[in-house]
Amino acid sequence: MSDPGEQSGSVGPGPSELEAARLVLARMGVAPEDLVGSAAGSCVVPRFVEYVPGVG
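### A few points about the overall build of the protein chain
Scanning the protein chain from terminus to terminus reveals three helices and zero strands. Its helices and strands in sequence order give the protein chain the pattern α-α-α, from N to C terminus. Per-residue burial for the protein chain yields a buried fraction of 5% across its 56 residues. Taken as a whole, the protein chain presents about 5,100 Å² of accessible surface, with 63% of it coming from carbon and sulfur.

Okay, here's the thing in structure tokens:
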């Protein structure tokens, strides 16, 4: 990642950070468009007692 002092006063990632993110996404087989509009909170997570039966 970058040196915190490198972006003094700037907002958001710089060109090198954006390119690094694109590279990581490409290696994972994910297009940036795949992330737009995805509902991160739509995943249902079981409670502990549901996940580990017999406890509780």
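### Remarks on the pattern of salt bridges
Within this structure, the stated rule accounts for two salt bridges. Of the charged contacts in the structure, one is a salt bridge between Glu50 and Arg47, with a shortest N-O distance of 3.9 Å.

Parameters and conventions
Residues numbered from 1 in each chain as written. Predicted model: local features only at pLDDT ≥ 70, side-chain atom pairs only at ≥ 80, totals over all residues. Heavy atoms only, no water. Helix = DSSP H or I, 4+ residues; strand = E, 2+ residues; numbered from the N terminus. Buried < 20%, exposed > 50% of the residue type's maximum accessible area, 1.4 Å probe, protein only. Areas by Shrake-Rupley, 256 points an atom, 1.4 Å probe, with all protein chains shown as cover. Salt bridge = Lys/Arg side-chain N within 4 Å of Asp/Glu carboxyl O.

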